[in-house]
Amino acid sequence: MIVNLPYSALRAFEAVVRHSGFSPAAAELGVSQSAVSQHVRALEEWLGLELLVRGARSSRPTREGELLALAISEGLGRISDVCTQLRDKTRTDRTIVISCLPGFAFNWLFPRLLNFDLAHPDLSISIATDTGQYPFSGADADIGIRYGLGDYPGYQVDLLMTEQLFPVCAPSLIPSLRGVEDLAQHTMLVDENLHHGPASPTWDFWARQCGLTLPWPLRTRRFGQSNLVVQAAIEGLGVALGREPLVIDTLCDGRLVRPIPELTQSPLSYWLVRPHETKDSPKVGEFLNWIRAEVEAQPDIPPAAGVGN
């Protein structure tokens, strides 16, 4: 008999042990750090055992936790391998699997896929979201859309698009937000999963590049995914640092506006990453032509509120 196991909690615990911490585990799983912590605590309560020795900078497993993490890694790893083999057997030649970040999929790719379906009724698109923190695997997807500096050795890498950075907010906040000094009166919405070191497109980076000084102290609210940051801004919960592809549609339809005119080029870009053997694949070629045309058709960034009117 197979016990009714808490699989999500087991997976989260194994990731914490493997990374020696909650934050990198959350980044891998594409969830918030608090969600991972809740999973691990629930697992400990379910077992009636302490599985981790928690520290300020890192966490390590207890003896029982080490045994459990090893069993999870071996068991779920084997299940993953078998599922991949089975999926590959049933995947048709007319299915294209795309691997990308959840925020990019939700805010940019999904709204445009109807255009692809209408233009290519004989092809099927499957989206696999991940954090993009680990090397792209050609066994899991035909094409990866990665966000970073373009350093993906061993693969064919082509620039998809760059991005610009600028504050965005709901139109209701505009009357009280006309300059960078007014940010002191608002909540700054922050994506906590930007793990690119000095190249991360943060509020500090934007201000520094624009020659501005952010007010201090800042009131912030952090989210585990970029699409949650955008949605929070739409709901009027604060001011987000807009990353062009992720907010362009909401700017054009008026759900978001630019309260401050300063913008700057992001240090990071979006890249098409794929195995070299897909070079002559007709289905991959059709998708690449389509997505590049969508980038070319992307509208310009609307002016800041009160600018150009």
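Residues numbered from 1 in each chain as written. Predicted model: local features only at pLDDT ≥ 70, side-chain atom pairs only at ≥ 80, totals over all residues. Heavy atoms only, no water.

J.: What is the right way to read a nonpolar patch on the surface from this model?
T.: On the surface, a cluster of nonpolar side chains totalling about 450 Å² of accessible area is made up of Leu 5, Tyr 7, Trp 46, Leu 47 and Leu 49. Here Trp 46 shows up in helix H3 (residues 33–47). Residue Trp 46 is classed as partly exposed on the basis of its relative accessible area of 45%. (Patch = residues over 30% accessible without salt bridge, like charges linked within 9 Å, V, L, I, M, F, W, Y side chains within 5 Å. Areas by Shrake-Rupley, 256 points an atom, 1.4 Å probe, with all protein chains shown as cover. Salt bridge = Lys/Arg side-chain N within 4 Å of Asp/Glu carboxyl O. Helix = DSSP H or I, 4+ residues; strand = E, 2+ residues; numbered from the N terminus. Buried < 20%, exposed > 50% of the residue type's maximum accessible area, 1.4 Å probe, protein only.)

J.: What's the story with the layout of surface pockets in this structure? I'm lost.
T.: Of the voids in this model, the second largest pocket is the one considered here, and its volume is about 420 Å³. Taken together, 26 residues line the second largest pocket, and the ones lying closest to its centre are Leu 189, Val 190, Asp 191, Thr 202 and Trp 203. Residue assignment for the lining of the second largest pocket shows that the elements contributing at least two residues are strand S8 (187–191), helix H6 (203–209), strand S9 (219–223), helix H7 (226–234), strand S10 (239–243) and helix H8 (244–252). (1 Å grid on protein atoms, 1.4 Å probe; cavity = no way out; pocket = protein on both sides within 12 Å on 5 of 7 lines; lining within 4 Å. Points joined across faces, edges and corners; volume = space filled by probe spheres on them.)

J.: What exactly am I supposed to notice about the pairing of strand S3 (residues 95–100) here?
T.: Sheet faces and side chains relate simply in a regular strand, where the side chains alternate between the two faces. Taking burial as the measure, the 6 residues of S3 include 6 buried ones, the bulk of the element. Covered by surrounding structure in S3 are Thr 95, Val 97 and Ser 99 together with Ile 96, Ile 98 and Cys 100, the residues of both alternating faces. Here S3 runs beside strand S4 (residues 124–129); their pairing, made up of 6 bridges, is parallel. Across the sheet, residue Cys 100 finds its bridge partner in S4, namely Thr 129. Looking at chain direction, S3 and strand S5 (residues 143–148) are connected through 3 bridges and run parallel. Within S5, the position partnered with Ser 99 by the bridge is Gly 144. (Pairing = 2+ DSSP bridges.)

J.: For this particular structure, what's the right way to read the nonpolar core?
T.: In globular proteins that are soluble, nonpolar side chains generally tend to be buried together. Counting residues in hydrophobic clusters, the biggest one holds 44 residues, and the most contacted among them are Phe 104, Leu 109, Ile 145, Leu 160, Phe 287 and Ile 291. Dropping the residues within four chain positions of it, Ile 145 is found in contact with Ile 98, Ser 99, Cys 100, Leu 101, Phe 104, Leu 109, Leu 160, Trp 271, Leu 272 and Ile 291. Ranked by size, the runner-up nonpolar core spans 19 residues in total, among them Leu 183, Met 188, Leu 241 and Ile 260. (Core = buried A, V, L, I, M, F, W, Y, C linked by side-chain atoms within 4.5 Å. Contact = heavy atoms within 4.5 Å.)

J.: When you look at the sheet that holds S4 in this model, what are you seeing that I'm missing?
T.: Strands pair in a sheet through their backbones, by hydrogen bonds, and they do so in one of two ways: parallel or antiparallel. Spatially, the 5 strands line up as an open sheet ordered S4-S3-S5-S12-S6, and their pairing is mixed. For this open sheet the edge positions go to S4 and strand S6 (156–161), each flanked by a neighbour on one side alone. On average, adjacent strands in this sheet sit at an angle of 25° to one another, irrespective of strand direction. Seen against the sheet, helix H5 (residues 102–119) touches S3, S4, S5, S6 and strand S12 (269–274) and runs at an angle of roughly 175° to S4. (Axes fitted to C-alpha atoms, helices over the stretch in contact; angles between N-to-C directions.)

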